[in-house]
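Listed below, chain by chain, are the residues.
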Amino acid sequence: DTEVTQTPKHLVMGMTNKKSLKCEQHMGHRAMYWYKQKAKKPPELMFVYSYEKLSINESVPSRFSPECPNSSLLNLHLHALQPEDSALYLCASSPFISLRTATYEQYFGPGTRLTVT
Amino acid sequence: KQEVTQIPAALSVPEGENLVLNCSFTDSAIYNLQWFRQDPGKGLTSLLLIQSSQREQTSGRLNASLDKSSGRSTLYIAASQPGDSATYLCAQSNSGGSNYKLTFGKGTLLTVNP
């Protein structure tokens, strides 16, 4: 099973709402990532979790709050978002991020299309 | 600041043609180079990953090469099909403490016409 799943596929939320994005993988990967992708732009890294601990936060605003409850699940909690946060949010996973011989090949999910009104 | 550039930005070819997509990177401390395919509004599908110690990787009709000295990678698609139409992204990760961090190019939008 080389699949990363993401729910929901689409989400529309108001600026005062609280919502969560969910990502799941069952490949035994111990690194998981959140990316943001605006239209016609490449993905931009937001967060990296390694062994269920946050290892990288790319200066993301606090209205985005990641959570890794276990080795298979990654959540992104959203609160008080702005219209400019509308984008495709992609989750990815890779086997390791600390083993020198690892390839770090990243596997991406289908994304959640978020619209903030 | 490391940069990844992809040329051309868009490419339209007739079905059956062989084609090459180009990717260039500025940071020579490359760890690996990964090629992805993205269909409109969808996630990324990993096509090929080339480690810095390798020169090329092949999967079916796809062949990716890596030339560290010139800072270039190419993705060769043989006998193109309409189903190959998508945006192709290359991404570089660097050696050092952040091997996992990918720097993406802006992509090449490929259209294969029947």
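For the structure itself, consult the block above.
Note that the structure is predicted; figures quoted are calculated from it, not measured.

J.: Summarise the overall build of chain A; cite the residues concerned and give the values.
T.: Scanning chain A from terminus to terminus reveals zero helices and 11 strands. From first element to last, N terminus to C terminus, chain A shows the α and β order β-β-β-β-β-β-β-β-β-β-β. Against the 2.2 N^0.38 benchmark of 13 Å for 117 residues, chain A shows a C-alpha radius of gyration of 14 Å, consistent with a compact globule. The principal-axis extents of the C-alpha atoms in chain A amount to approximately 45 × 25 × 25 Å. Across the 117 residues of chain A, 50% fall into the buried class. If you take every contact in chain A between residues at least 6 apart in sequence, the share linking residues at least 24 apart comes to 57%.

J.: So what about the nonpolar core? Which residues, and what values?
T.: Trp34(A), Phe64(A), Leu76(A) and Leu78(A) are the most contacted members of the largest nonpolar core, which has 23 residues in total. Of all elements in the fold, only strand E2 (10-13), strand E3 (18-25), strand E4 (31-37), strand E5 (44-50), strand E7 (64-70), strand E8 (73-79), strand E9 (87-94) and strand E11 (112-116) of chain A reach the threshold of two or more residues within this core. Counting 22 residues, the second largest nonpolar core, distinct from the first, contains Leu21(B), Trp35(B), Ala86(B) and Tyr88(B).

J.: Requested: an account of the state of the cysteines, with residues and values cited.
T.: Within this structure, the stated rule accounts for two disulfides over all chains. A sulfur-sulfur separation of 2.0 Å characterises the disulfide bridge that pairs Cys23(B) with Cys90(B). Measuring the twist about the S-S bond at about 80°, one finds the Cys23(B)-Cys90(B) disulfide to be right-handed. One end of the pair, Cys23(B), is in strand E3 (residues 19-25); the other, Cys90(B), is in strand E9 (residues 86-94), with 67 residues separating them in the sequence. In this pair, the class of Cys23(B) matches that of Cys90(B), namely buried. With no disulfide partner, Cys68(A) has as its closest neighbouring cysteine sulfur the one in Cys23(A), 9.1 Å distant.

J.: Please set out the pattern of salt bridges residue by residue, giving values where relevant.
T.: Residues and elements named next belong to chain A. Scanning the entire structure with this criterion turns up six salt bridges over all chains. Note that Lys36 is salt-bridged to Asp85, the shortest N-O span being 3.9 Å. Placement of Lys36 in strand E4 and of Asp85 in the loop between E8 and E9 is noted, with a sequence separation of 49 residues between them. Put simply, Arg63 and Asp85 hold a salt bridge, and the shortest N to O gap is 2.7 Å. Of this pair, Arg63 sits in the loop between strand E6 (53-57) and E7 while Asp85 is found in the loop between E8 and E9, placing the two residues 22 residues apart along the sequence. Accessibility expressed as a relative area gives 24% for Arg63, which makes it partly exposed. Asp85 gets classed as buried once you look at its relative accessible area, which sits at 2%. Several salt bridges share partner residues, and in doing so they unite Lys36, Arg63 and Asp85 into one network.

J.: How would you summarise the pairing of E5(A) if you had to cite specific residues and measurements?
T.: Residues and elements named next belong to chain A. Among the seven residues of E5, six are classified as buried, and the element is accordingly described as predominantly covered. Bridge count for E4 against E5 is six bridges, and the pairing is antiparallel. Within the sheet, the bridge partner assigned to Trp34 lies in E5 and is Phe47. Counting the residues that bridge the hairpin from E4 to E5 gives six residues, and of these Lys40 lies at a positive phi of roughly 60°. Two strands pair when backbone bridges link them, and E5 and E6 are joined in this way by four bridges, in the antiparallel orientation. Bridging across to E6, Tyr49 finds its partner in Leu54. Connecting E5 to the antiparallel partner E6 that follows it, the hairpin turn spans two residues, and Tyr51 within it adopts a positive phi of roughly 50°.

J.: Can you tell me about the interface of chain A and chain B, naming the residues and giving the values?
T.: Chain A puts 24 residues into the contact, and the matching count from chain B is 20 residues. Carbon and sulfur atoms make up 57% of the area that chain A and chain B hide from each other, which totals about 1,700 Å². Scanning the region where chain A abuts chain B turns up one salt bridge. The tally of links from chain A across to chain B stands at five residue pairs in polar contact (both at pLDDT 80 or more). For the side of chain A that touches chain B, the elements supplying multiple residues, two or more each, are E4, E5 and E9 of chain A. Per-element tally for the side of chain A that touches chain B: the top contributor is E4(A), with three residues. Its residues assigned to classes, the side of chain A that touches chain B comprises 15 nonpolar, five polar and four charged.

Parameters and conventions
Residues numbered from 1 in each chain as written. Chains lettered and ligands numbered in written order. Predicted model: local features only at pLDDT ≥ 70, side-chain atom pairs only at ≥ 80, totals over all residues. Heavy atoms only, no water. Helix = DSSP H or I, 4+ residues; strand = E, 2+ residues; numbered from the N terminus. Rg over C-alpha atoms; globule rule 2.2 N^0.38 Å. Buried < 20%, exposed > 50% of the residue type's maximum accessible area, 1.4 Å probe, protein only. Contact = heavy atoms within 4.5 Å. Core = buried A, V, L, I, M, F, W, Y, C linked by side-chain atoms within 4.5 Å. Disulfide = S-S within 2.5 Å. Salt bridge = Lys/Arg side-chain N within 4 Å of Asp/Glu carboxyl O. Pairing = 2+ DSSP bridges. Buried area = accessible area lost by both parts, 1.4 Å probe. Polar contact = N/O pair within 3.5 Å; in protein donor to acceptor, adjacent residues only side chain to side chain. Nonpolar A, V, L, I, M, F, W, Y, C, P; charged D, E, K, R; others polar.

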